[in-house]
Amino acid sequence: MPIDEDVTGHEIDKDVRQELMSLPKTLAEDVAKNLVMVARLLGEDPERAYGYAKVALRLASRVPAVREAMGFAAYASEKYAEALAEFRAARRMTGSQHLWPVMADCERGMGRPEKALAMAGEPEVQKLDKAGQVEMRLVAAGARQDMGQAEAAVVTLQSPELASNSVQPWSARLRYAYADALLSVGREEEAREWFGKALEADQNGTTDASDRLAELDGIEFLDAFDPEAEESEDGTGTGTGEPAPRA
């Protein structure tokens, strides 16, 4: 598969570079370039990222970072069984627990929320850093939702991290999940409050909290370039993409 011209392989972080030092120099460079392509494409084109991960795996299957990259590419492509197998391999190689939450989420993806919930109660969770523990809480709440336990999902998300006013990397997603859980049990006013808090914490635009707030307020955004966009009463249409009340 073609590598982007600006990719050198030096873009990978130092820990991955250290793992690749066990390979011959030319091979290590090839693997590094493919890993960079995986990272570059994972969010925008998971299937292409998966293709580059397959190349890296073929070249260096005994490198933990490669197995992890393959896992995330498969996960992003919704190949959950394959992703879980790769994450398990990476975990066996390193002994690290940081993949535990995404492994549990793979169980959810495979239609086994009860298994994901069981993993949330395992000792491995106590070995996670704060970010990992929050991620595990999100997965557990999702599993509760999958099982039709909406009220339990709300309770699962209630935590010191949720109550904290400080903004952490996980704050927006945690507050958003809580708002969504509240909405699912009919607590609309509280949900609106928490979508607002999620928006305040969402410095990188990782959620659609603003859209959810607009929806709760009965506002929709019209596409100025959509010929079928609803026209205003004078027949001219909004023409600006400004928010317009729902009919």
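Residues numbered from 1 in each chain as written. Predicted model: local features only at pLDDT ≥ 70, side-chain atom pairs only at ≥ 80, totals over all residues. Heavy atoms only, no water.

A.B. asks: Mind laying out the packing of aromatic side chains, listing which residues take part and the relevant values?
C.D. replies: Evaluated as defined, the whole model comprises four aromatic pairs. Ring centres of phenylalanine 72 and phenylalanine 87 lie 4.9 Å apart, and the angle between their planes is 70°; on these two criteria the pair is classed as edge-to-face. Of the two residues, phenylalanine 72 sits in helix 4 (residues 64–76) while phenylalanine 87 sits in helix 5 (residues 80–94), which places them 15 residues apart along the sequence. Look at phenylalanine 72 and you get partly exposed, because its relative accessible area is 28%. The interplanar angle of 75° and the centroid separation of 5.8 Å between the aromatic rings of tyrosine 75 and tyrosine 80 together place this pair among those described as edge-to-face. According to the relative accessible area criterion, tyrosine 75 is partly exposed, its value standing at 24%. Here the basic side chain of lysine 79 rests over the ring of tyrosine 50, its NZ or CZ set 4.4 Å away from the ring centre. (Phe/Tyr/Trp six-rings, centres within 6.5 Å; stacked < 30°, edge-to-face > 60°. Helix = DSSP H or I, 4+ residues; strand = E, 2+ residues; numbered from the N terminus. Buried < 20%, exposed > 50% of the residue type's maximum accessible area, 1.4 Å probe, protein only. Lys NZ or Arg CZ within 6 Å of the ring centre and 35° of its normal.)

A.B. asks: Describe in detail the environment of glutamate 161, supporting the description with residues and values.
C.D. replies: Tracing the sequence through the fold places glutamate 161 in helix 10 (residues 160–163). Along the chain, glutamate 161 and lysine 130 lie 31 residues apart, while their C-alpha atoms are 9.0 Å from each other. Sequence-distant contacts of glutamate 161, that is, excluding residues within four places in its chain, are made with Lys130, Val134, Arg137, Trp170 and Leu174. At 2.9 Å, the side chain of glutamate 161 and the side chain of lysine 130 are in polar contact. (Contact = heavy atoms within 4.5 Å. Polar contact = N/O pair within 3.5 Å; in protein donor to acceptor, adjacent residues only side chain to side chain.)

A.B. asks: Can you lay out the nonpolar core for me, pointing to particular residues and giving the numbers?
C.D. replies: What tends to happen in soluble globular proteins is that the nonpolar side chains get buried as a cluster. Leu20, Val31, Leu35 and Val66 are the most contacted members of the largest nonpolar core, which totals 46 residues. Counting residues per element, the ones that place at least two in this core are helix 1 (14–20), helix 2 (25–41), helix 3 (46–59), helix 4, helix 5, helix 6 (100–109), helix 7 (113–120) and helix 8 (130–146). No other element matches the eight residues that helix 2 contributes to this core. (Core = buried A, V, L, I, M, F, W, Y, C linked by side-chain atoms within 4.5 Å.)

A.B. asks: Tell me what's going on with the environment of arginine 187, and back it up with residues and numbers.
C.D. replies: Along the chain, arginine 187 turns up in the loop between helix 11 (171–184) and helix 12 (188–201). Residue classification places arginine 187 among the partly exposed positions, given a relative accessible area of 29%. Residues contacting arginine 187, with those up to four places away along its chain left out, are Val154, Tyr178 and Leu182.

A.B. asks: Give me the side chain of arginine 175: which residues, what numbers.
C.D. replies: Within the secondary structure, arginine 175 sits in helix 11. An unpaired buried charge is present at arginine 175: no salt bridge exists, and glutamate 200, the closest side chain of opposite charge, is 4.8 Å distant. Within the structure, the side chain of arginine 175 is placed 3.0 Å from the backbone oxygen of lysine 197, a separation counted as a polar contact. (Lys, Arg positive; Asp, Glu negative; His and termini not counted. Salt bridge = Lys/Arg side-chain N within 4 Å of Asp/Glu carboxyl O.)

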